[in-house]
Each structure stands twice: as C-alpha cells, then as structure tokens.
Amino acid sequence: MVDLTEMDEWPVDNLAAGAICGGVVSTRGDIDRPFPLASLTKLITSLAVLVASEEGTLSIESTVTEEGATVADLLAHAGGIAPDDPKPLTSPRVRRIYSTAAYDILADQLAEASAMPYITYATQAVLHPAGMESTTIEGSPGSGATSTVRDLIRLVECWTRPILVSPTTLELATSIHLPQLSGILPGYGRQAPNPWGLGPEIRGSKSPHWTGSLSSPRCFGHFGRSGTMLWIDREADAALISLTDREFGQWAIDAWPKLSNTVILESRVPQL
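The structure displayed is predicted, hence computed values, not measured ones.

1. Thoughts on the overall build of the chain
- Broken down by element type, the chain carries seven helices and eleven strands.
- Over its C-alpha trace the chain gives a radius of gyration of 17 Å, about what one expects of a compact globule, namely 19 Å for 272 residues.
- Expressed as lengths along the three principal axes of its C-alpha atoms, the size of the chain is roughly 50 × 40 × 35 Å.
- Contacts in the chain between residues at least 24 apart in sequence constitute 54% of all its contacts with a sequence separation of at least 6.
- For the chain, the exposed surface amounts to about 11,100 Å²; the carbon and sulfur share of it is 50%.
- Placing the 19 positive and 31 negative side-chain charges of the chain at their respective mean positions leaves the two points 6 Å apart.

Set out below in structure tokens:
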C-alpha cells in the first residue's frame, strides 16, 4: 500500500486520491465525492473520439478545419487553434498550442458524424461501458466533467487495458503525435519539445514536471485548473489520481511532484 498521508498537509479544504501500484489500490479521502475535473475531462472526450474512430464513425485522420487540421491534430493540440476560441492562430502542425476550444470542435464533429449529441455519445461510448456511473459532463467537452476517484480508477483501467479500444489504438494514443513540436505547457512555460499524445500529455524530457522527477519519459496523463490530476506510468506499473477543491497554483507545483515520487518509489518495492 502507498502511504498518502503527506496529502494531509496540502493547503486544500477537500481532497481525494487513489494510487495504483502493481494492481494494488491505495486511497485517501472520500473517493465517492464528486469534484469538477476541468481539463481532466479531455481524457474522457479523447477516449470517446478514439472509440468513434474504431467504429468508423469519425476517423482520426479526417480533416476537420478549413486550414487542414485533422482529428489527431486537435486531440494533440497541434491544430493551431486558439486556447479558448475556435479560431486558428497558426497553420496546423506548426507548434503545440494548448486548446480547450479544439475539443469543442471535436465534439461538434463527433455529434455530426454520430447523429447524436456529444454528451450522449460520450456517455454511451465511454462512461457507461467503463462503469463510470458517478461521472457527468456539462458544458465544454474539454473541461466540463465532474467525477470521483472511484470512477477515475476505472478511467485509468480504460487507458491501460483494451476495455474500450484496442491495444493498437491505445499505443497510438499514448505515443507522441508530431514529436518535434514545441509549445507552452500551462503552468510550466515553454517546452522544446512539448510531447503530447492523442489526448494525454506525455512527459518526455520535461523537467521539472508535475508527475515528479522519477516518472518515465512515457508517463502520460493530464491535470486540470480545478486542482485535479491523473497520470499513468506503465514502466513503473503505477498510476496516481488526485482531486481537490483548490485551483491549480504554486501549491500544486510544489505538492504534486513530491506525491508522485512517493508513488513511483513505492512501485519499486517488491510486493510480498
């Protein structure tokens, strides 16, 4: 079991967490308490798009903007779309521009292709099959979900096992799309390069990083402005979910890497 008591010193009113090491789950706080996920929502929406791609509903290679950005480009923030406005700032595939608005475009495309509202599709394609019964999505497909640690443990399973999509699709989604692209990582400044998959951020060589100093270059996940984060490190056979009710800031920049290192170190201890 992972000792998560260091979280008790965090400057937050409410928190819940789940750490997974070698299949063993350790928790802290009320894992059934719902928290706004903010940008962690993108890990749900991107899975919905990947399911649609496997179904033949919306190919990740489809061109979806007048400038020529593909579904894959938008998933990986390579479409040149402004952060909070669905307009182009650059040509596609020039630099990594973190964009919640790109996910609004993707949701519109998915709704059109599937002939059903995005939230309906995401619920039927991801939330219900994954058993995420306490998760809801309202507002932006890039930032509007509310969920619990218990449900996000199921989401971790979906990103590590072929529950919703095939191993081939999971491998593609958690590999770097356009490795050469640089850009701004919110909260951490310019990264050259700034690796991203088809939904998840990929750590690569970024340092310092919110996943800590011990996570592998292939560690992937996401964090949200609402003070939430989730990462998966398959090399360490470990994952971490942390939900709080305090907005992301210096406290998280200080606290998250320390907790992440605790989890990685525990994953290296032989299980009896």
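What follows picks up the thread again.
2. Observations regarding the packing of aromatic side chains
- In the structure shown here, the tally under the stated rule is eleven aromatic pairs.
- Residues Trp210 and Phe223 carry aromatic rings whose centres are separated by 5.4 Å and whose planes lie at 70° to one another, so their mutual orientation is edge-to-face. Of this pair, Trp210 sits in the loop between strand S8 (201-202) and strand S9 (220-224) while Phe223 sits in strand S9; the two residues are 13 residues apart in sequence, bridging distant segments of the chain.
- Residue Trp210 is classed as buried on the basis of its relative accessible area, which comes to 0%.
- Chaining the aromatic ring pairs together yields one cluster made of Trp10, Tyr188, Trp210, Phe223, Phe248, Trp251 and Trp256.
- Here Arg33 stacks its cationic end above the ring of Phe35, 5.3 Å away from the centre of that ring.
- Over the aromatic face of Tyr103 sits the side chain of Lys42, whose NZ or CZ is 5.7 Å from the ring centroid.

3. Examining helix H5 (residues 149-160)
- Taking 1.5 Å per residue as the helical rise, H5 with its twelve residues ought to reach 16 Å, and the 16 Å between its terminal C-alpha atoms agrees with that figure.
- Taken together, the buried positions of H5 are Val149, Asp151, Leu152, Ile153, Leu155, Val156, Cys158 and Trp159.

4. Observations concerning the pairing of strand S1 (residues 15-21)
- Most of S1 sits inside the fold, with seven of its seven residues counted as buried.
- Residues Leu15, Ala17, Ala19 and Cys21 of S1 are buried on one face, and the alternating residues Ala16, Gly18 and Ile20, pointing to the opposite face, are buried as well.
- In the sheet, S1 pairs with strand S11 (residues 238-244) via seven bridges, with the strands oriented antiparallel. Paired with Ala19 across the two strands is Leu240, which belongs to S11.
- In terms of strand pairing, S1 meets strand S2 (residues 24-29) through six bridges, oriented antiparallel. Pairing of Gly18 across the sheet is with Thr27, part of S2.
- Here S1 hands over to S2 after two residues, with Gly22 in that stretch at a positive phi of 55°.

5. Concerning helix H7 (residues 250-267)
- Counted at 1.5 Å a residue, the expected span for H7 with its 18 residues is 26 Å, and the 27 Å between its end C-alpha atoms agrees.
- Taken together, the buried positions of H7 are Trp251, Ala252, Ala255, Trp256, Pro257, Leu259, Ser260, Asn261, Val263 and Ile264.
- Residues of H7 that are buried make contact with S1, S9, strand S10 (228-233) and S11.

6. Structural notes on the environment of Tyr121
- You can see Tyr121 is positioned in helix H4 (residues 118-130).
- The spacing of Tyr121 and Asp108 is 13 residues in sequence and 11 Å in space, taken between C-alpha atoms.
- One polar contact links Tyr121 to Glu55, side chain to side chain, over a distance of 2.6 Å.

7. Some details on the sheet that holds S2
- The strand order across the open sheet formed by six strands is S2-S1-S11-S10-S9-S8, and the pairing between neighbours is antiparallel. Here the strands that pair on one side only, and so sit at the sheet edges, are S2 and S8.
- The pairing of S9 with S10 spans five bridges and is classified as antiparallel. Across the sheet, the residue bridging to Phe220 is Ile232, located in S10.
- Along the sheet, H5 makes contact with S1, S2, S9, S10 and S11, crossing S11 at roughly 145°.
- Each of S1, S9, S10 and S11 touches H7; the most contacted strand, S11, lies at about 150° to it.

8. Let's talk about the packing of helix H1 (residues 42-55) against H5
- Relative to each other, H1 and H5 sit at 40°, their axes nearing to 11 Å. The pairing of H1 with H5 is recorded here as oblique in orientation. The crossing of H1 and H5 is left-handed. Counted together, Leu43, Ile44, Ser46, Leu47 and Leu50 of H1 and Leu155, Cys158 and Trp159 of H5 form the full contact between these two elements.
- Classifying every residue of the contact of H1 with H5 gives seven nonpolar, one polar and no charged.

Rules used throughout
Residues numbered from 1 in each chain as written. Predicted model: local features only at pLDDT ≥ 70, side-chain atom pairs only at ≥ 80, totals over all residues. Heavy atoms only, no water. Helix = DSSP H or I, 4+ residues; strand = E, 2+ residues; numbered from the N terminus. Rg over C-alpha atoms; globule rule 2.2 N^0.38 Å. Contact = heavy atoms within 4.5 Å. Areas by Shrake-Rupley, 256 points an atom, 1.4 Å probe, with all protein chains shown as cover. Lys, Arg positive; Asp, Glu negative; His and termini not counted. Charge placed at Lys NZ, Arg CZ, Asp CG, Glu CD. Phe/Tyr/Trp six-rings, centres within 6.5 Å; stacked < 30°, edge-to-face > 60°. Buried < 20%, exposed > 50% of the residue type's maximum accessible area, 1.4 Å probe, protein only. Lys NZ or Arg CZ within 6 Å of the ring centre and 35° of its normal. Expected span 1.5 Å × (residues − 1). Pairing = 2+ DSSP bridges. Polar contact = N/O pair within 3.5 Å; in protein donor to acceptor, adjacent residues only side chain to side chain. Axes fitted to C-alpha atoms, helices over the stretch in contact; angles between N-to-C directions. Parallel < 35°, antiparallel > 145°, perpendicular 65-115°, else oblique. Left-handed = near helix turned anticlockwise from the far one by under 90°. Nonpolar A, V, L, I, M, F, W, Y, C, P; charged D, E, K, R; others polar.

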